[in-house]
Amino acid sequence: MSHSPKVYLTRRETFSASHRLHSIHLSDSDNIQIFNKCNNPNGHGHNYVVEITVAGHIDNKTGMVMNISNLKELIQIYVLNLLDHKHLDLDVEYFRTKNIVSTTENLIVFIWKQLSLPIQQQYNNVQLYEIKLYETEKNIVTYRGE
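These figures come from a predicted structure and were not determined experimentally.

A. Spatial organisation of the overall build of the protein chain. Looking only at helices and strands, the protein chain has five helices and five strands in total. Counted from the first residue to the last, the protein chain has its helices and strands arranged as β-α-β-α-β-α-α-α-β-β. Reported as C-alpha extents along the three principal axes, the dimensions of the protein chain are approximately 60 × 30 × 25 Å. When contacts within the protein chain are restricted to residue pairs at least 6 apart in sequence, those whose partners lie at least 24 apart make up 69%.

B. Structural view of the packing of helix 2 (residues 68-83) against helix 5 (residues 104-122). Between helix 2 and helix 5, whose axes approach to 10 Å, the crossing angle comes to 145 degrees. Viewed along their axes, helix 2 and helix 5 form a crossing whose handedness is right-handed. Where helix 2 approaches helix 5, its residues Leu71, Leu74, Ile75, Tyr78, Val79, Leu82 and Leu83 are matched on the opposing element by Leu107, Phe110, Ile111, Gln114, Leu115, Pro118, Ile119 and Gln122. Its residues assigned to classes, the contact of helix 2 with helix 5 comprises 13 nonpolar, two polar and no charged.

C. Spatial organisation of the environment of Val50. Structurally, Val50 can be placed in strand 2 (residues 44-57). Judged by its relative accessible area of 0%, Val50 falls in the buried class. Residues Val50 and Asp84, 34 residues apart in the sequence, show an inter-C-alpha distance of 12 Å. Once you skip the residues sitting within four places of it in the chain, Val50 turns out to touch Arg11, Arg12, Glu13, Phe15, Ile111, Ile131, Lys132 and Leu133.

D. Representation of the nonpolar core in the model. Phe15, Ile52, Leu83, Leu107, Ile111 and Leu115 are the most contacted members of the largest nonpolar core, which totals 34 residues. Those elements that provide at least two residues to this core are strand 1 (6-19), strand 2, helix 2, helix 4 (93-98), helix 5, strand 4 (126-134) and strand 5 (140-143). Examining the composition of this core, we find that eight residues originate from one element, helix 5, more than from any other. Leaving out residues up to four positions away in the same chain, Ile52 has contacts with Leu9, Thr10, Arg11, Leu71, Ile75, Ile111, Leu115, Leu128, Glu130 and Ile131.

E. Highlighting the pattern of salt bridges. Applying the stated criterion across every chain, the model contains three salt bridges. With its nearest N and O atoms 2.8 Å apart, the salt bridge here joins Glu13 to Arg11. When the shortest N-O distance is used, the salt bridge between Glu130 and Arg144 registers 2.6 Å. Of this pair, Glu130 sits in strand 4 while Arg144 sits in the segment after strand 5, and the two are 14 residues apart along the sequence. For Glu130, a relative accessible area of 11% translates into the label buried.

F. Local environment of the layout of surface pockets. The computed volume of the second largest pocket comes to approximately 160 Å³. Residue lining of the second largest pocket: Arg20, His22, Ser23, Ile24, Asp89, Phe95, Arg96, Asn99, Ile100, Val101 and Ser102, and that is the complete set. For the lining of the second largest pocket, the per-class residue count stands at four nonpolar, four polar and three charged.

G. Layout of the sheet that holds strand 3 (residues 86-87). A sheet is described by the order of its strands in space; here five strands give the open sequence 3-1-2-4-5, paired in mixed fashion. Single-partner strands in this sheet number two, and they are strand 3 and strand 5. For strand 2 and strand 4, the ladder comprises eight bridges, and the chain directions are antiparallel. Note that in strand 4 the partner of Glu51 across the bridge is Lys132.

Calculation criteria
Residues numbered from 1 in each chain as written. Predicted model: local features only at pLDDT ≥ 70, side-chain atom pairs only at ≥ 80, totals over all residues. Heavy atoms only, no water. Helix = DSSP H or I, 4+ residues; strand = E, 2+ residues; numbered from the N terminus. Contact = heavy atoms within 4.5 Å. Axes fitted to C-alpha atoms, helices over the stretch in contact; angles between N-to-C directions. Left-handed = near helix turned anticlockwise from the far one by under 90°. Nonpolar A, V, L, I, M, F, W, Y, C, P; charged D, E, K, R; others polar. Buried < 20%, exposed > 50% of the residue type's maximum accessible area, 1.4 Å probe, protein only. Core = buried A, V, L, I, M, F, W, Y, C linked by side-chain atoms within 4.5 Å. Salt bridge = Lys/Arg side-chain N within 4 Å of Asp/Glu carboxyl O. 1 Å grid on protein atoms, 1.4 Å probe; cavity = no way out; pocket = protein on both sides within 12 Å on 5 of 7 lines; lining within 4 Å. Points joined across faces, edges and corners; volume = space filled by probe spheres on them. Pairing = 2+ DSSP bridges.

Right, dumping it as structure tokens:
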């Protein structure tokens, strides 16, 4: 059976959020030593850039892997509505109730968990391939669900 080409489709979005890097598993002095100014009790913020990449074969009828407008909507519902202009540690249940440190590494895993199932359920031939999260222009985290 011949398949159409496999293509990787990426949507870039931005959101602003604040957080405090602080672990309940560390002493206050260790938190200050490890996280430095990012341990500020009142938190600090970032203008994040997130790139969501899905993979799939081009549909012969539409010529698309999936409609980019649909991907945009999924990102809005499952990511941006929860994170944009929020304090990650106070407003996002995942970080607040599980005492997960709101590092960029943990944030990208949260975003993956938010998007993976809805994409799978709505598009059986498309899978979430990669997420790239830019905390700053110089600090970038990549996750592929592994």
